[in-house]
Amino acid sequence: MSPTIRLATAADVSAINDIYNYYVHRSTCTYQLEPEPLEGRQAWFQNHPPDKYPVTVAELNGQVIGWGSLSKFRERAAYDGSVEASVYIHHDHHRRGLGRALLTDLIDRARAIGFHTLIGGCSADQSASLRLQESLGFTRVAHFKEVGYKFGQWLDVVFLQLMLQDAP
């Protein structure tokens, strides 16, 4: 049975937060150092209207096993045509194509909304994430040296970009 990808609802926020928080103390896939409180995730969700910055979930047998989101890239209005993608998979469900399915869905949603470009960023040591993004057409556009500090080490961040629309 394959998972269903759908828009997230407020009822999914706790599962989304649990998936994310698992990685806070275990991985460099997030540079957050302390778990996100549920109230913080609820506020984040409220700032992601589905028609502009959708949050999606992958659901299997009634369980949320992964999620993705489109988020504002920067606050200034000139950046409004750019959006950033995030994808997180439940730690028991890696290597099953869920990340690809969620990111592909986000790409389609970003195009349908009318965004011009999609940005992906990750720690340079997250080779699976880098390979996934590149396999979907993202191009590496920046490599920032030692900009994050976690687990007693300085970490590099790589930014990738996928052009979605032709220039006007």
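Residues numbered from 1 in each chain as written. Predicted model: local features only at pLDDT ≥ 70, side-chain atom pairs only at ≥ 80, totals over all residues. Heavy atoms only, no water.

K.L.:
Looking at this model, I keep getting lost on the overall build of the protein. Mind explaining?
P.N.:
Check the secondary structure of the protein and you find four helices and seven strands. Element order for the protein, N to C, with α for helix and β for strand: β-α-α-β-β-β-α-β-α-β-β. Here the C-alpha atoms of the protein give a radius of gyration of 15 Å, agreeing with the 15 Å that 2.2 N^0.38 yields for 168 residues. With the C-alpha coordinates aligned to their principal axes, the bounding extent of the protein is approximately 40 × 40 × 30 Å. Scored against the burial criterion, the 168 residues of the protein give a buried share of 40%. Taking as baseline every contact in the protein between residues at least 6 positions apart, the subset at least 24 positions apart corresponds to 63%. (Helix = DSSP H or I, 4+ residues; strand = E, 2+ residues; numbered from the N terminus. Rg over C-alpha atoms; globule rule 2.2 N^0.38 Å. Buried < 20%, exposed > 50% of the residue type's maximum accessible area, 1.4 Å probe, protein only. Contact = heavy atoms within 4.5 Å.)

K.L.:
Any chance you could explain the pairing of strand E2 (residues 55–60) here in plain terms?
P.N.:
Consecutive side chains of a regular strand alternate in pointing toward one face of the sheet and then the other. Among the six residues of E2, five are classified as buried, and the element is accordingly described as predominantly covered. In the sheet, E2 pairs with strand E3 (residues 63–72) via six bridges, with the strands oriented antiparallel. Within the sheet, the bridge partner assigned to glutamate 59 lies in E3 and is valine 64. (Pairing = 2+ DSSP bridges.)

K.L.:
Mind showing me how you'd approach the nonpolar core here?
P.N.:
Within the largest apolar cluster, 18 residues are counted, with the highest numbers of intra-cluster contacts made by Leu70, Val83, Ile107, Leu118, Phe138 and Leu164. Counting residues per element, this core draws most heavily on helix H3 (residues 98–113), which supplies four residues. Excluding residues within four positions of it along the chain, leucine 118 makes contact with Leu70, Val83, Glu84, Ala85, Ile107, Phe138, Leu160, Gln161, Leu162 and Leu164. With 13 residues, the next largest nonpolar core counts Val55, Val57, Val64 and Trp67 among its residues. (Core = buried A, V, L, I, M, F, W, Y, C linked by side-chain atoms within 4.5 Å.)

K.L.:
Mind showing me how you'd approach the sheet that holds strand E1 (residues 4–7) here?
P.N.:
Strand order in the open sheet made by the seven strands is E1-E2-E3-E4-E5-E7-E6, with mixed pairing throughout. Both outer strands of the open sheet, E1 and strand E6 (139–150), are each paired with one neighbouring strand and no more. Shown here is a sheet whose adjacent strand axes are inclined to one another by a mean of 25 degrees, direction ignored. Relative to E2, E1 is paired through four bridges, and the arrangement is antiparallel. Pairing of isoleucine 5 across the sheet is with alanine 58, part of E2. Sheet strands in contact with helix H2 (residues 38–46) are E2 and E3, and its direction is about 55 degrees off that of E3. Each of strand E5 (117–123), E6 and strand E7 (153–163) is contacted by helix H4 (residues 127–135), which is oriented at about 160 degrees to E5, the strand it contacts most. (Axes fitted to C-alpha atoms, helices over the stretch in contact; angles between N-to-C directions.)

K.L.:
Is there a simple way to think about the environment of arginine 96 in this case?
P.N.:
Relative to the helices and strands, arginine 96 is located in the loop between strand E4 (82–89) and H3. Separated by 94 residues in sequence, arginine 96 and serine 2 place their C-alpha atoms 9.7 Å apart. Looking at arginine 96, its side chain comes within polar contact range of the main-chain oxygen of aspartate 92, at 3.2 Å. (Polar contact = N/O pair within 3.5 Å; in protein donor to acceptor, adjacent residues only side chain to side chain.)

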